Amino acid sequence: MTRKIEVLKADITTLAVDAIINAANTSLLGGGGVDGAIHRAAGTELFDECYQLGGCATGQAKITRGYRLPAKYVIHAVGPVWSGGERGEPELLASCYRTVFRIAREHGIRSLAFPAISCGVYRFPVDRAVKIAVRETAAELISSDDIQKVIFACFGDDIYEAYRREVDKLS
Ligand code: AR6
């Protein structure tokens, strides 16, 4: 199972996987951080498709095509804004990962790349977010053979080290 997980220092927009995950907001109409980078790289057709989706609730996700990205699809997940941890943030973040995996299975997607959802502007504590990401990914890979590769695309050494530590615990 662990051989299906890769921790990479990478700009997610460059990865040629079946789907990359966007750390979006409830409007799905773009923003800063990884969301801005994905929209810039994919081109304006991505915005046009997102506009048709009518937003997305926190903890949920919606899929679009990838347009000019090397990835065929983008799965837009809306992570929670961290506000102390007593407002269901851990469960909402776990729900993002579970929803992404369900959508991926429904579309025959076999390789995925995630950014550290909620770990930027949304200020989720990195170690806690990474534990949730790795736990949910391991649960998916153990319970189903549909997904063959999950990449954690890390921007910055602290995020990279946090994923590395957590993934190493699996083996
Ligand atoms: N590739 C991989 N990771 C990246 C990239 C990239 N090109 N760019 C940034 N990151 P954030 P959030 C990392 O703030 O916390 C947006 O405005 C970044 O270093 O993008 O979920 C949305 O529209 C961090 O580790 O997402 C929402 O309003 C991680 O991606 C809001 O931000 C997530 O940081 C979502 O906030």
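Up top is the structure these notes are about.
Residues numbered from 1 in each chain as written. Predicted model: local features only at pLDDT ≥ 70, side-chain atom pairs only at ≥ 80, totals over all residues. Heavy atoms only, no water.

## Digging into the environment of Glu6
Stage number 1. On the secondary structure map, Glu6 appears in strand β1 (residues 5–9).
Stage number 2. Distance in space between the C-alpha atoms of Glu6 and Arg123 is 24 Å, their sequence separation being 117 residues. (Helix = DSSP H or I, 4+ residues; strand = E, 2+ residues; numbered from the N terminus.)

## Let's talk about helix α4 (residues 126–143)
Stage number 1. Across its 18 residues, α4 extends 26 Å between first and last C-alpha, which sits within 8% of the 26 Å expected from 1.5 Å per residue.
Stage number 2. Every buried residue of α4 is listed here: Ala129, Val130, Ile132, Ala133, Val134, Glu136, Thr137, Ala138, Glu140 and Leu141.
Stage number 3. On the buried face of α4, the contacting elements are β1, α3 (89–106), β6 (149–154) and α5 (157–168). (Expected span 1.5 Å × (residues − 1). Buried < 20%, exposed > 50% of the residue type's maximum accessible area, 1.4 Å probe, protein only. Contact = heavy atoms within 4.5 Å.)

## Let's talk about the site of the ligand
Stage number 1. Around the ligand, the structure places 21 residues, and the nearest of them are Asn25, Gly32, Asp35, Ser118 and Gly120.
Stage number 2. Within the side chain of Asn25, an N or O atom sits 2.8 Å from an oxygen atom of the ligand.
Stage number 3. A distance of 2.7 Å is found between an oxygen atom of the ligand and a backbone nitrogen or oxygen belonging to Gly32.
Stage number 4. Burial of the ligand by the protein chains amounts to 89% of its free accessible area of 710 Å².
Stage number 5. The element that contributes the greatest number of residues to the shell around the ligand is helix α1 (residues 33–42), accounting for 4 residues.
Stage number 6. For the shell around the ligand, the class distribution of residues is 12 nonpolar, 7 polar and 2 charged. (Near = heavy atom within 4 Å. Polar contact = N/O pair within 3.5 Å; in protein donor to acceptor, adjacent residues only side chain to side chain. Areas by Shrake-Rupley, 256 points an atom, 1.4 Å probe, with all protein chains shown as cover. Nonpolar A, V, L, I, M, F, W, Y, C, P; charged D, E, K, R; others polar.)

## As for the pairing of strand β4 (residues 73–78)
Stage number 1. With respect to burial, β4 is a largely interior element, 6 of its 6 residues being buried.
Stage number 2. Covered by surrounding structure in β4 are Tyr73, Ile75 and Ala77 together with Val74, His76 and Val78, the residues of both alternating faces.
Stage number 3. Pairing analysis gives 6 bridges linking strand β2 (residues 19–24) to β4, with the strands arranged parallel. The residue bridging Ala23 from the neighbouring strand is Ala77, located in β4. (Pairing = 2+ DSSP bridges.)

## Some points on the sheet that holds β1
Stage number 1. Read from one edge of the open sheet, 6 strands run β1-β6-β5-β2-β4-β3, paired in mixed fashion. Edge positions in the sheet fall to β1 and β3 (61–65), since each has one partner strand and no second. Each neighbouring strand pair of the sheet contributes to a mean axis angle of 25°, computed without reference to strand direction.
Stage number 2. When β3 meets β4, the two strands line up antiparallel, connected through 5 bridges. Bridge pairing links Ala61 to Ala77 in β4.
Stage number 3. Contacts between helix α2 (residues 44–52) and the sheet are confined to β3 and β4, with β3 contributing the most and set at about 140° to the helix.
Stage number 4. The strands touched by α3 within the sheet are β2, β3, β4, β5 (111–114) and β6, with β4 carrying the most contacts at an inclination of about 155°. (Axes fitted to C-alpha atoms, helices over the stretch in contact; angles between N-to-C directions.)

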